[in-house]
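So you can see what is in the structure, the chains are spelled out below.
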Amino acid sequence: QVTEYLQGDHGRLDALRAEAARLAHAGAFSDAEACFAEFCCGLNRHIDAEETILFPAFEQMTGIANGPTAVMRAEHVAIRQGMGVASRALTSRDGAAWAAAVDDLADRLSMHNLKEEHMLYPAIDRVAGTDQERDDLVTRLQAV
């Protein structure tokens, strides 16, 4: 199912972000940068998969183009901006700016992920058709 796959990816990404925050708080900035870079790479890939595969599939299956996917796309822009702010703060070794930026990013992601996990993903699983069609959609998401 789409929900299971993408919710699992959210969990993996949350763990990377939390580990980067822990490392930076401990003063291990180089390790924190590497961990946060992995988080950013993974989150960008996740967003790309949603925007190029999942959202168009939802819009095609439901005929709804200016609904939840439009909201999610706008939130993706803000999330990516937040990643940039946090990344710059971490690179400059500004602990206070990093803490504020990563906390803001975590809050944005938490609210965003709840909407996806409790509304959008289950809706896609409902309208996607057969188990095989859902599996095919997950395979396409994994290929991004």
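In what follows, the structure referred to is the one given above.
Residues numbered from 1 in each chain as written. Predicted model: local features only at pLDDT ≥ 70, side-chain atom pairs only at ≥ 80, totals over all residues. Heavy atoms only, no water.

K.L.:
Sorry, what's going on with the overall build of the protein chain here?
P.N.:
Helix and strand counts for the protein chain come out as 5 helices and 0 strands. Over its C-alpha trace the protein chain gives a radius of gyration of 16 Å, about what one expects of a compact globule, namely 15 Å for 144 residues. In terms of its C-alpha atoms, the protein chain occupies a principal-axis envelope of roughly 50 × 25 × 20 Å. Split into buried and exposed, the 144 residues of the protein chain put 43% on the buried side. In the protein chain, the proportion of contacts linking residues at least 24 apart, taken out of those at least 6 apart, comes to 77%. (Helix = DSSP H or I, 4+ residues; strand = E, 2+ residues; numbered from the N terminus. Rg over C-alpha atoms; globule rule 2.2 N^0.38 Å. Buried < 20%, exposed > 50% of the residue type's maximum accessible area, 1.4 Å probe, protein only. Contact = heavy atoms within 4.5 Å.)

K.L.:
Before we go on, may I ask you to explain the packing of helix 1 (residues 2–25) against helix 2 (residues 29–62) in this structure?
P.N.:
Helix-helix packing: each pair is described by the crossing angle between the helix axes and the interaxial distance. The interhelical angle for the contact between helix 1 and helix 2, taken along N-to-C directions, is 160°, at an axis separation of 8 Å. Comparing their axes, helix 2 and helix 1 come out roughly antiparallel. Considering only the axes of helix 1 and helix 2, their crossing is left-handed. Grouping the amino acids of the contact of helix 1 with helix 2 by side-chain chemistry returns 15 nonpolar, 3 polar and 8 charged. (Axes fitted to C-alpha atoms, helices over the stretch in contact; angles between N-to-C directions. Parallel < 35°, antiparallel > 145°, perpendicular 65-115°, else oblique. Left-handed = near helix turned anticlockwise from the far one by under 90°. Nonpolar A, V, L, I, M, F, W, Y, C, P; charged D, E, K, R; others polar.)

K.L.:
Whenever I open this one, the packing of aromatic side chains confuses me. Can you help?
P.N.:
To describe a pair of aromatic rings, one takes the distance between the centres and the angle between the planes. Applying the stated criterion to the full structure yields 2 aromatic pairs. Here the aromatic cluster, defined as three or more aromatic residues joined through ring pairs, consists of F36, F39 and W98. (Phe/Tyr/Trp six-rings, centres within 6.5 Å; stacked < 30°, edge-to-face > 60°.)

K.L.:
Explain the pattern of salt bridges to me, please; I cannot follow it from the model alone.
P.N.:
Oppositely charged side chains are able to pair whenever their charged atoms sit close together. Taken as a whole and assessed by the stated rule, the structure comprises 9 salt bridges. Between R93 and E33 there is a salt bridge, and its shortest N-O distance comes to 2.2 Å. Of the two residues, R93 is situated in the loop between helix 3 (68–91) and helix 4 (95–127) and E33 in helix 2; the sequence distance between them amounts to 60 residues. For E33, a relative accessible area of 24% corresponds to the partly exposed category. The salt bridge involving R134 is made with D131; its shortest N-O contact spans 2.3 Å. Taken together, the positions of R134 and D131, both in helix 5 (residues 131–142) and 3 residues apart, correspond to about one turn of that helix. For R134, a relative accessible area of 12% puts it in the buried group. (Salt bridge = Lys/Arg side-chain N within 4 Å of Asp/Glu carboxyl O.)

K.L.:
Just to check I follow, could you spell out the side chain of E117 for this structure?
P.N.:
Residue position: E117 is located in helix 4. Beyond its immediate sequence surroundings of up to four residues, E117 is in contact with T3, Q7, H10 and P122.

K.L.:
Where do I start with the packing of helix 2 against helix 4 in this structure?
P.N.:
Across the interface, helix 2 lies against helix 4 with an axial gap of 12 Å and an inter-helix angle of 30°. Taken together, the axis directions place helix 2 and helix 4 in an arrangement best described as roughly parallel. Here helix 2 and helix 4 pass one another in a crossing that is left-handed. Each of F36, F39, L43, H46, E50, L54, F55, F58, M61 and T62 in helix 2 lies in contact with helix 4, whose residues at this interface are W98, V102, L105, L109, H112, E116, L120, Y121, A123, I124 and V127. In terms of residue class, the contact of helix 2 with helix 4 is made up of 16 nonpolar, 3 polar and 2 charged.

K.L.:
Whenever I open this one, the nonpolar core confuses me. Can you help?
P.N.:
What tends to happen in soluble globular proteins is that the nonpolar side chains get buried as a cluster. Within the largest apolar cluster, 23 residues are counted, with the highest numbers of intra-cluster contacts made by F36, F39, L43, L90, W98 and L105. Apart from the residues lying within four places of it in its own chain, the contact partners of F36 are A20, M83, A86, S87, L90, W98, V102 and L105. (Core = buried A, V, L, I, M, F, W, Y, C linked by side-chain atoms within 4.5 Å.)

K.L.:
For this particular structure, what's the right way to read helix 3?
P.N.:
Residues spaced three or four apart along an α-helix point in a common direction, a consequence of the helix completing one turn every 3.6 residues. Over its 24 residues, helix 3 runs 34 Å from end to end, which matches the ideal 34 Å to within 8%, given 1.5 Å per residue. Here the buried face of helix 3 lies against helix 1, helix 2 and helix 4. Immediately downstream of helix 3, the backbone of R93 shows phi near 60°, a positive value. (Expected span 1.5 Å × (residues − 1).)

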